[in-house]
Amino acid sequence: MMKKAVKITTIGGGSSYTPELVEGFIKRYDELPVRELWLVDIEEGNEKLEIVGNLAKRMVEEAGVPMDIHLTLDRRQALKGADFVTTQMRVGQLDARIKDERIPLQHGIIGQETNGAGGLFKGLRTIPVLLEIAEEMQELCPDAWLINFTNPAGMVTEALLRYGKHQKVVGVCNLPVNVRMTIARLLGVETERVQIDFAGLNHLVYGLNIYIDGDNKTKEVIEILADPEKQITMRNIAPLPWLPEFQKSLGVVLCPYHRYYYKTKEILEEELESFKTGKTRAEVVKRLEAELFELYKNPDLNIKPPQLEKRGGAYYSDAACNLISSIYNDKGDIQTLNVRNDGAITGIPAESAVEVNCFVTKDGPVPIAVGELPVEVNGLVQQIKSFERVAAEAAVTGSYEKALLALCINPLVPSDEIAKNVLDDMLEAHKEFLPQFFQNAGEAGYR
Ligand code: G6P
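Below: a short report on this structure.

Procedures and definitions
Residues numbered from 1 in each chain as written. Predicted model: local features only at pLDDT ≥ 70, side-chain atom pairs only at ≥ 80, totals over all residues. Heavy atoms only, no water. Salt bridge = Lys/Arg side-chain N within 4 Å of Asp/Glu carboxyl O. Helix = DSSP H or I, 4+ residues; strand = E, 2+ residues; numbered from the N terminus. Buried < 20%, exposed > 50% of the residue type's maximum accessible area, 1.4 Å probe, protein only. Disulfide = S-S within 2.5 Å. Contact = heavy atoms within 4.5 Å. Phe/Tyr/Trp six-rings, centres within 6.5 Å; stacked < 30°, edge-to-face > 60°. Near = heavy atom within 4 Å. Polar contact = N/O pair within 3.5 Å; in protein donor to acceptor, adjacent residues only side chain to side chain. Areas by Shrake-Rupley, 256 points an atom, 1.4 Å probe, with all protein chains shown as cover. Nonpolar A, V, L, I, M, F, W, Y, C, P; charged D, E, K, R; others polar. Axes fitted to C-alpha atoms, helices over the stretch in contact; angles between N-to-C directions. Left-handed = near helix turned anticlockwise from the far one by under 90°. Expected span 1.5 Å × (residues − 1).

**Comments concerning the pattern of salt bridges**
Stage number 1. Tallying each qualifying case throughout the model produces 34 salt bridges.
Stage number 2. Here Glu101 ties to Arg97 by a salt bridge, and the two come within 3.2 Å at their closest N and O atoms. Taken together, the positions of Glu101 and Arg97, both in helix H4 (residues 93–106) and 4 residues apart, correspond to about one turn of that helix. Accessibility assignment for this pair places Glu101 and Arg97 in one class, buried.

**Section: the state of the cysteines**
Stage number 1. A complete count under the given rule lists 0 disulfides for this structure.
Stage number 2. Of all cysteine sulfurs in the structure, the one in Cys173 sits closest to Cys255, which takes part in no disulfide; the separation is 8.4 Å.
Stage number 3. Relative accessible area serves as the criterion here: at 2%, Cys255 is assigned to the buried category.

**Describing the environment of Phe25**
Stage number 1. The residue Phe25 is located in helix H1 (residues 18–27) in this model.
Stage number 2. Residue class for Phe25 comes out buried when judged on its relative accessible area of 0%.
Stage number 3. With 202 residues separating them in the primary sequence, Phe25 and Asp227 have C-alpha atoms 37 Å apart.
Stage number 4. When near neighbours in sequence (up to four residues on either side) are disregarded, Phe25 contacts Ile8, Leu32, Val34, Leu37, Met67, Cys321 and Ile324.

**As for the packing of aromatic side chains**
The description of an aromatic ring pair rests on the distance of the ring centres and on the angle between the ring planes.
Stage number 1. Counted under the stated rule, the structure contains 7 aromatic pairs.
Stage number 2. Judged by centre distance (4.6 Å) and plane angle (80°), the rings of Phe149 and Tyr316 are edge-to-face. Residue Phe149 is located in the loop between strand S5 (145–148) and helix H6 (153–163), and its partner Tyr316 is located in helix H13 (residues 316–329); the two are separated by 167 residues in the primary sequence. Each member of the pair Phe149 and Tyr316 is classed as buried.

**A short note on the site of the ligand**
Stage number 1. Every one of the 15 residues lining the ligand counts as a neighbour, but Arg97, Asn174, Arg281, Arg311 and Gly312 are closest to it.
Stage number 2. Between the ligand and Arg97, the relevant distance is 2.8 Å, taken from an oxygen atom to a side-chain nitrogen or oxygen of the residue.
Stage number 3. Contact distances for the ligand include 2.8 Å between an oxygen atom and a side-chain N or O atom of Arg311.
Stage number 4. Considering the ligand on its own, with 390 Å² of exposed area, one finds that the protein chains cover 93% of that surface.
Stage number 5. Split by residue class, the shell around the ligand holds 5 nonpolar, 6 polar and 4 charged.

**Concerning the environment of Ala78**
Stage number 1. Note on placement: Ala78 falls in helix H3 (residues 75–79).
Stage number 2. Residue classification places Ala78 among the buried residues on the basis of a relative accessible area of 0%.
Stage number 3. The sequence separation of Ala78 and Cys141 amounts to 63 residues, and the corresponding C-alpha distance is 10.0 Å.
Stage number 4. Not counting residues within four places of it along the chain, the set of residues in contact with Ala78 comprises Lys7, Thr9, Trp38, Val40 and Thr72.

**Here we look at the packing of helix H5 (residues 116–140) against helix H16 (residues 416–429)**
Stage number 1. Contact pair H5 / H16: the axes reach a minimum separation of 11 Å and the direction vectors enclose 40°. As for the relative orientation of H5 and H16, their crossing is right-handed in sense. Of the residues in H16, those touching H5 at Ala117, Gly118 and Phe121 are Val422, Leu423, Met426 and Leu427.

**Digging into H1**
Stage number 1. Within H1, 8 of the 10 residues are buried, which leaves it mostly tucked inside the rest of the structure.
Stage number 2. Every buried residue belonging to H1 is among Thr18, Pro19, Glu20, Leu21, Val22, Gly24, Phe25 and Ile26, and all of these are buried.
Stage number 3. Each element contacted by the buried residues of H1 is listed here: strand S1 (6–11), strand S2 (34–40), helix H2 (46–63), strand S4 (84–87), helix H12 (281–297) and H13.

**Concerning unusual backbone geometry**
Stage number 1. Each neighbour pair has its own omega, and for Asn151 with Pro152 the value is -10°, a cis peptide bond.
Stage number 2. Assignment of secondary structure puts Pro152 in the loop between S5 and H6.
Stage number 3. At Gln93, a position not held by glycine, the phi torsion is positive, near 55°.
Stage number 4. Here Gln93 shows up in helix H4.
Stage number 5. Within the chain, His203 stands out as a residue other than glycine whose phi angle is a positive 60°.
Stage number 6. Within the secondary structure, His203 is located in the loop between strand S7 (194–201) and strand S8 (204–212).
Stage number 7. You can call His203 buried: its relative accessible area is 7%.

**Let's talk about the side chain of Ser15**
Stage number 1. Relative to the assigned elements, Ser15 resides in the loop between S1 and H1.
Stage number 2. Reaching out from Ser15, the side chain makes a polar contact with the backbone nitrogen of Tyr17 at a distance of 2.9 Å.
Stage number 3. Non-local contacts of Ser15, meaning those with residues more than four positions away in its chain, are made with Asp41, Val52, Gln88 and Phe293.

**A few points about H12**
Stage number 1. In this model H12 runs 24 Å from its N-terminal to its C-terminal C-alpha over 17 residues, within 8% of the 24 Å that 1.5 Å per residue would give.
Stage number 2. The secondary structure elements touched by the buried residues of H12 are H1, H2 and H4.

And the structure:
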């Protein structure tokens, strides 16, 4: 039977990561015939869109697949009739990320784009834009799935589920895929043979049990991960090893982002060093990105360049394309996704976003019941969930009080006074992208 051709719309199409996505669609063309890929960006991103879009066209031509690549600044036109919409934009571009990292560090606290003060501000800038996209989707492509990679993916999914007009929403992250691949490598087996019971929140996900060919090997894997030489790392996070005693007594797999919470002091020292030398991650990425775009300009380049793997988001297209393909092909396989909890994790509201294993069919992902989280991890998960909820509310209402509260309850912010100082500085620095805090000055607004 001939399957329906697929139209995909990618918002933030000018991203340096786009070649990953295009490669993912090319590789899967036989099972997922993407006939139209619409790369959308805004005026400020037009130059990048042209460069990466032309590379995408050359990649498709080289691969010999009949995929039409459209480049546009007209989001509404691109959304019309889409089957899947992926979002990978960065409101305020990399310069805003540099501020998210550097301003908290100026106040002596961690600066990171997905957690703490930096995560809050990335969320405050991003959530209103994504809610607008969700509203447009409801009008222009009501049956399409919104697949979001934009960080902070947990907070953003929370906001879309609670306040969005379009409920077919899934948050995707490359982290679970990377954890699984690393464990497979450490064990010397193929990735397909490893199954992990993932549960928690985005960038705060734990591997509760690990199986190889269905046999529970959790103890053996924890033993390996307690070895300081055998860590799960990511390009964007310092590879500080866990104390073996901590890893063993915790007994579950930690993700690289847990270092921000269990190694706060060491990570902060490391970040302050990078701050001094102008080498925070955002600054490094800005240079890397400039190099990538120079490569992308080369008219002879017609594949994804290996240099892209220096970025933390390597393999994100596997997560995204596998999800799209499983929905399209009604596969019923298991993937780790950010979805409505719906009772999967006990103690988290049904309507909140969690990152858990899901069965993926043509009707989308259905979370697999986890039950109660182990007492050792439940506390932090609950605290970060509170942060995400209050932050999402702040993003939607533009409430100064809620934004302050979000910071005060975040474990990476050690004092209410620091919270206020950081908040004031960051609101000022990001003013241009935070209209909700400045338009309704007065009751709910800022000042
Ligand atoms: C990891 C995270 C992503 C994040 C990326 C940042 O892979 O899972 O959510 O976007 O790192 O990488 P970058 O190269 O931009 O620092």
